[in-house]
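# Geometric and topological summary
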Amino acid sequence: MKIKGTQLFVKALVAEGVDTLFAYPGGMAIDLFDALYGETDFRVVLPRHEQGLIHAADGYARATGKTGVCLVTSGPGATNLVTGIATANYDSVPLVCFTGQVPTNLIGNDAFQEVDIVGICRNICKYAVTVRRREDLGRIIKEAFYIARTGKPGPVLVDLPKDVQNALGPDEYPSEVSIRGYKPSTGVHMGQLKKAAAMLESAKRPLFLLGGGVNIAGAGKQMTALAERLGVPAVTTIMGKGALPADHPLYIGNMGMHGNVAANTAVSECDLLFSIGTRFNDRITGKIEEFAKGAKIVHIDIDAASISRNIVVDVPIVADAREAIEKLSEIALPPKHAEGWAERLQALKAQTPLTMEGKGKLNPQDIMAAINEAYPEAIFTTDVGQNQMWATQFLQLRGESRLLTSGGLGTMGYGLPAAIGAKLGRPEMPVVSISGDGGFQMNEQELATAVCEELPVTIVILNNSYLGNVRQWQEMFYGGRYSCTCLRKRKSCAQWCSSPTAGCPPYVPDFVKLAASYGIEGIRVTDRGQLSDAFARAKANAKAPTLIECIIDREIDILPMVPGGNALSDMVTQYKKEGK
């Protein structure tokens, strides 16, 4: 029996177990949307912008562990996916992105809304392909899902020309995949793992460094059990946060540019750094020559290309984090000579706590503490900038809690749409989106999506009237010259300024009124005493989002901080702007 390509597309999604499709229609995808009409085997969600759409698919994938799937039209519809594809690629998120395309006979002729989206995305995704023949459609879709979720997960783009969509062809959808040249690594090299286990046993100051790969593999419980059995302390990257419970006695905290003193000290002083699922990027390592200078380094990662790329390691192991942790648990013995090491790090953590005392009526630590109290277990999403760093410093991830954030690309505008995707994928879990006032405005239109999908997402905006992270760098390293970071600045203001005053123009927009325009509750919080009531009201809204705007000090900084190019030991823990 022969069916249209559009019909096979729908059949393929059902066969792949897709339950949610994030989709935005257009001319070169209209036939696919016609085939979706009346479909009941999965849900079709209509966001308000293609970038919001792909971030929602990303949040869905991270929250569920499934493959996120999205569909857009050609031209601008496709190019609006680019930032989201790069975001997912950096953070190893499995996505399959379908784009409409002009008919094959028009490709290369500068047809209306034609772009070479495969060429554009080839270097920022795991695989990109244009389907040129109807008989290849089923095989290519099957391969796309397989590639996206196997090995190191990542986004795959499938470009669908309009004539291929409408052409008749076989109705069979493949049940198996065989791709010559793509054979994801499976298993663990036991010889290397035994060597690493022996190094653990003999180390005096061993330390686990846990990255996002541990969370992607769903290996948090196994990792916690391993750390407990061995008595070895652990630090995390931002993406690895949650691999051990925040209140676990062996968890020292986040390390890196905005890591805590104890975690960065642990990395600098350990004699064995046992790293799992991290790329060792510059935000983690600081000055490479000084990174874990006196330590032997074990590196477990599913991506062979990530090993010894930035940091040369002593024992490389290419493996899935969960499988490696489980195998290590079978053979590893507790260190023989590490007495007092974990206790010393915990004592240092207690002596140098992260704190923001004396920062006005309301500060980010207050806000995160209130979130921790109101949401003991939740999925948290963030935007990028100071809000992200404060969330990683002060949120307490416990139980089934997860933190979804753009780690590698650092994408503003990610938080709200990712929260929408997470809530669609995990409706039983509370979902809290944390944004700065700048990042929130990049995809604030997705409030409409949350309203239309009746999603009780709590949206927290930390409003300091600045693009805060860049402003902080300007304050600390550029003489306080606030160039294009003040979000209150108007044409009538002085051309340049370096400090807010009481005479600054009012903020635009009024977020509470913006919430009202979407028919949802907006709450402005200016004092820490108002936080508990605000979150209680948000939790009472069972079928709609709630927006909570928190007004914080305009020049509040994120500390500690390791300035770019410095060693982890060169942390700035206090800073005062000249003249203040």
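Being a predicted model, the structure only gives us computed values, none of them experimental. (Residues numbered from 1 in each chain as written. Predicted model: local features only at pLDDT ≥ 70, side-chain atom pairs only at ≥ 80, totals over all residues. Heavy atoms only, no water.)

### Remarks on the sheet that holds strand E11 (residues 251-254)
The parallel open sheet is built from six strands, whose spatial order is E11-E10-E9-E12-E13-E14. Two strands in the sheet have a free side with no partner beyond their single neighbour: E11 and strand E14 (315-318). Here the average twist between neighbouring strands, direction ignored, is 15°. Summarising the sheet, strand E9 (residues 206-210) and strand E12 (residues 272-276) pair through five bridges and their orientation is parallel. Bridging across to E12, leucine 209 finds its partner in serine 275. Lying on the sheet, helix H11 (residues 220-230) is in contact with E9 and E12; it crosses E9 at an angle near 175°. (Pairing = 2+ DSSP bridges. Helix = DSSP H or I, 4+ residues; strand = E, 2+ residues; numbered from the N terminus. Axes fitted to C-alpha atoms, helices over the stretch in contact; angles between N-to-C directions. Contact = heavy atoms within 4.5 Å.)

### Quick notes on empty space enclosed by the protein
Under the criterion given, the structure shown has one cavity of 30 Å³ or more. The space that makes up the largest cavity amounts to roughly 30 Å³. Lining the largest cavity, in full, are Gly5, Thr6, Phe9, Leu32, Leu137, Leu160, Pro161, Val164 and Gln165. Going through the elements one at a time, helix H1 (5-15), strand E7 (155-161) and helix H8 (162-166) are the ones with two or more residues in the lining of the largest cavity. A per-class count over the lining of the largest cavity returns six nonpolar, three polar and no charged. (1 Å grid on protein atoms, 1.4 Å probe; cavity = no way out; pocket = protein on both sides within 12 Å on 5 of 7 lines; lining within 4 Å. Points joined across faces, edges and corners; volume = space filled by probe spheres on them. Nonpolar A, V, L, I, M, F, W, Y, C, P; charged D, E, K, R; others polar.)

### Some words on the packing of helix H9 (residues 190-202) against helix H14 (residues 321-331)
Interaxial distance between H9 and H14 falls to 10 Å at its minimum, and their mutual angle equals 60°. Put simply, H9 runs oblique to H14. Both H9 and H14 take part in a crossing whose hand is right-handed. Mapping the contact onto sequence places Met190, Leu193, Lys194, Ala197 and Leu200 in H9 and Ala324, Lys327, Leu328 and Ile331 in H14. Residue classes in the contact of H9 with H14 are distributed as seven nonpolar, no polar and two charged. (Parallel < 35°, antiparallel > 145°, perpendicular 65-115°, else oblique. Left-handed = near helix turned anticlockwise from the far one by under 90°.)

### As for the environment of leucine 362
With respect to the secondary-structure elements, leucine 362 resides in the loop between helix H15 (341-351) and helix H16 (364-374). Distance from leucine 362 to tyrosine 466, taken between C-alpha atoms, is 16 Å for residues 104 residues apart in sequence.

### A short note on the side chain of glutamate 143
Within the secondary structure layout, glutamate 143 lies in helix H7 (residues 137-149). Judged by its relative accessible area of 10%, glutamate 143 is buried. Contacts of glutamate 143, omitting those with residues within four sequence positions, involve Val177, Ser178 and Ile179. (Buried < 20%, exposed > 50% of the residue type's maximum accessible area, 1.4 Å probe, protein only.)

### Some thoughts on the packing of aromatic side chains
Taken as a whole, this structure holds ten aromatic pairs when the rule is applied. With 4.9 Å between their ring centres and 90° between their planes, phenylalanine 9 and phenylalanine 98 make a pair best called edge-to-face. Remark: phenylalanine 98 occurs in strand E5 (residues 95-101) and phenylalanine 9 occurs in helix H1; sequence separation between them is 89 residues. Each member of the aromatic cluster is reached from another via a ring pair, and the members are Phe440, Tyr507 and Phe511. Above the plane of the ring of tyrosine 466 lies arginine 471, whose end atom (NZ or CZ) is 5.9 Å from the centre. Across the ring face of tyrosine 375, the terminal group of lysine 539 is positioned such that the distance to the ring centre comes to 5.5 Å. (Phe/Tyr/Trp six-rings, centres within 6.5 Å; stacked < 30°, edge-to-face > 60°. Lys NZ or Arg CZ within 6 Å of the ring centre and 35° of its normal.)

### Description of the side chain of threonine 381
Here threonine 381 lies in strand E15 (residues 379-382). Note on threonine 381: relative accessible area 0%, which makes it buried. Not counting chain neighbours up to four residues away, the residues in contact with threonine 381 comprise Leu404, Gly415, Ala418, Ala419, Val432, Ser433 and Ile434.

### Section: the packing of H16 against helix H17 (residues 386-394)
Interhelical geometry of H16 versus H17 gives an angle of 55° and a closest axis separation of 10 Å. One element, H16, and the other, H17, form an angle in the oblique class. Note on packing geometry: the crossing formed by H16 with H17 is right-handed. Judged by residue contacts, Pro364, Gln365, Met368 and Asn372 of H16 engage Asn387, Trp390, Ala391 and Phe394 from H17.

### Some details on unusual backbone geometry
Omega for the bond connecting valine 508 with proline 509 falls within 30 degrees of zero, at 5°, which places this linkage in the cis form. Relative to the elements of secondary structure, proline 509 occurs in the loop between helix H21 (468-477) and helix H22 (511-517). In this chain, leucine 559 is followed by proline 560 through a cis amide linkage whose omega measures 0°. Along the chain, proline 560 turns up in the segment after strand E20 (546-551). Even without being glycine, glutamate 454 reaches a positive phi, approximately 55°. Inspection of the secondary structure puts glutamate 454 in the loop between helix H20 (447-452) and strand E18 (458-463). Assessed through its relative accessible area of 48%, glutamate 454 is described here as partly exposed.

### Focus: the pairing of E15
Burial of the side chains of E15 extends over both faces: Ile379 and Thr381 are buried on one face and Phe380 and Thr382 on the other. Pairing geometry for E15 and strand E16 (residues 402-404), over three bridges, is parallel. Paired with phenylalanine 380 across the strands is leucine 403, a residue of E16. Handedness of the β-α-β unit built from E15, H17 and E16 comes out right-handed. (Right-handed = clockwise from strand over helix to strand, strands pointing away.)

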